[in-house]
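# Notes for the structure review
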Amino acid sequence: MDLHVLVSMVVWTVSSAVLLFVLMYVDSLFTRYNDLEELKAGNMAVTTRFVLKLLAQAYILSSSISAASSLGEALLVSVVSFLLLFALEKTVHLLLGKWGKIELDHGTQLGKIGYGLLSGSLHIVGALLISAFL
């Protein structure tokens with residue numbers, strides 16, 4: 001392993017970590033609750049959703065890094081994937097709210113772990129589907 005590979009690894013890792021932070025922050029702006037406050041308060045439903053969302057984004061980023069020819073391409077694929085996951089989540093939330101009378105955000109905020117697990121699993125499913133295209 002040469003110096004170029006080591007430097008590349010550091011640059012890609014730092015860039016990926018920054019992107020993951022930004023994506024998780026943007027996601028938290030669209031929930032009905034403050035993710036960090038709920039995490040600090042010990043809300044396991046919010047924690048479950050947050051962890052699954054983070055794993056989904058990391059999996060997509062990992063897949064895009066392995067398939068990309070450049071750092072910019074990998075980061076762009078991750079941003080587009082985030083937008084797809086966001087649309088998927090909002091669509092399913094809307095449909096569950098209308099047809100099933102299940103408010104995932106509200107249930108998650110109340111600490112119902114099943115709601116947080118279902119909400120977070122939407123991201124895992126989306127990540128697996130998106131990564132299949134990479």
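Read on for a plain summary of the structure. Computed from a predicted model, the values in this text were never measured in an experiment. (Residues numbered from 1 in each chain as written. Predicted model: local features only at pLDDT ≥ 70, side-chain atom pairs only at ≥ 80, totals over all residues. Heavy atoms only, no water.)

Turning our eyes to something else, we now look at the packing of aromatic side chains. The final tally for this structure, using the stated rule, is 2 aromatic pairs. Between F30 and F86, the ring centres sit 4.8 Å apart and the planes meet at 65 degrees, which makes this aromatic pair edge-to-face. Highlighted residues: F30 in the loop between α1 (3–29) and α2 (35–40) and F86 in helix α4 (residues 71–99), separated in sequence by 56 residues. Following the ring pairs from residue to residue traces out a cluster consisting of F30, F82 and F86. (Phe/Tyr/Trp six-rings, centres within 6.5 Å; stacked < 30°, edge-to-face > 60°. Helix = DSSP H or I, 4+ residues; strand = E, 2+ residues; numbered from the N terminus.)

Right, let's get into the pattern of salt bridges. Taken as a whole and assessed by the stated rule, the structure comprises 5 salt bridges. Its salt-bridge partner being E103, residue R32 comes within 3.8 Å of it at the nearest N-O pair. Placement of the pair is R32 in the loop between α1 and α2 and E103 in the loop between α4 and α5 (104–109), with a sequence separation of 71 residues. Given the relative accessible area of 36%, E103 is considered partly exposed. (Salt bridge = Lys/Arg side-chain N within 4 Å of Asp/Glu carboxyl O. Buried < 20%, exposed > 50% of the residue type's maximum accessible area, 1.4 Å probe, protein only.)

Once that is clear, we can look at α1. For α1, spanning 27 residues, the distance from its first C-alpha to its last is 39 Å, which sits close to the expected 39 Å at 1.5 Å a residue. Inspection of α1 places S15, S16, L19, L20, L23, M24, D27 and S28 among the buried residues, and these make up the whole buried set. Structurally, α1 contributes buried residues whose contacts are with α2, α3 (44–67) and α4. (Expected span 1.5 Å × (residues − 1). Contact = heavy atoms within 4.5 Å.)

Right, let's talk about the environment of L122 for a bit. The topology assignment puts L122 in helix α6 (residues 113–132). Residue L122 is classed as buried on the basis of its relative accessible area, which comes to 14%. Put simply, L122 and A56 are 66 residues apart on the chain and 9.2 Å apart in space, counted from C-alpha to C-alpha.

The next subject is the packing of α4 against α6. Between α4 and α6, the shortest axis-to-axis distance is 10 Å and the interhelical angle comes to 135 degrees. In terms of axis orientation, α4 runs oblique to α6. Crossing angle aside, the handedness with which α4 passes α6 is right-handed. Taking contact as the criterion, the partners of S81, L84, L85, L88, E89, V92, H93 and L96 in α4 are, on α6, L118, S119, L122, H123, G126, A127 and I130. By residue class, the composition of the contact of α4 with α6 is 9 nonpolar, 5 polar and 1 charged. (Axes fitted to C-alpha atoms, helices over the stretch in contact; angles between N-to-C directions. Parallel < 35°, antiparallel > 145°, perpendicular 65-115°, else oblique. Left-handed = near helix turned anticlockwise from the far one by under 90°. Nonpolar A, V, L, I, M, F, W, Y, C, P; charged D, E, K, R; others polar.)

Our focus in this paragraph is the packing of α3 against α6. A pair of packed helices is characterised by two quantities: the angle between their axes and the separation of those axes. Running from N to C, α3 and α6 point in directions that differ by 5 degrees, and their axes come no closer than 7 Å. When the axis of α3 is compared with that of α6, the two are roughly parallel. Counting all contacts with α3, which are made through M44, A45, T48, R49, L52, K53, L55, A56, Y59, I60 and S63, the residues of α6 involved are I113, G116, L117, S119, G120, S121, H123, I124, A127, L128, I130 and S131. Looking at side-chain class alone, the contact of α3 with α6 contains 13 nonpolar, 8 polar and 2 charged residues.

Here we come to the side chain of E89. Examined against the element boundaries, E89 turns out to sit in helix α4. A relative accessible area of 1% means that E89 is categorised as buried. Not counting chain neighbours up to four residues away, the residues in contact with E89 comprise D27, R49, S119, L122 and H123.

Helix length check: α6 (20 residues) gives 28 Å between terminal C-alpha atoms against 28 Å at 1.5 Å per residue, within 8%. Looking at the buried residues of α6, the elements they touch are α3, α4 and α5.

Scope: geometric values only; no functional claims are made or implied.
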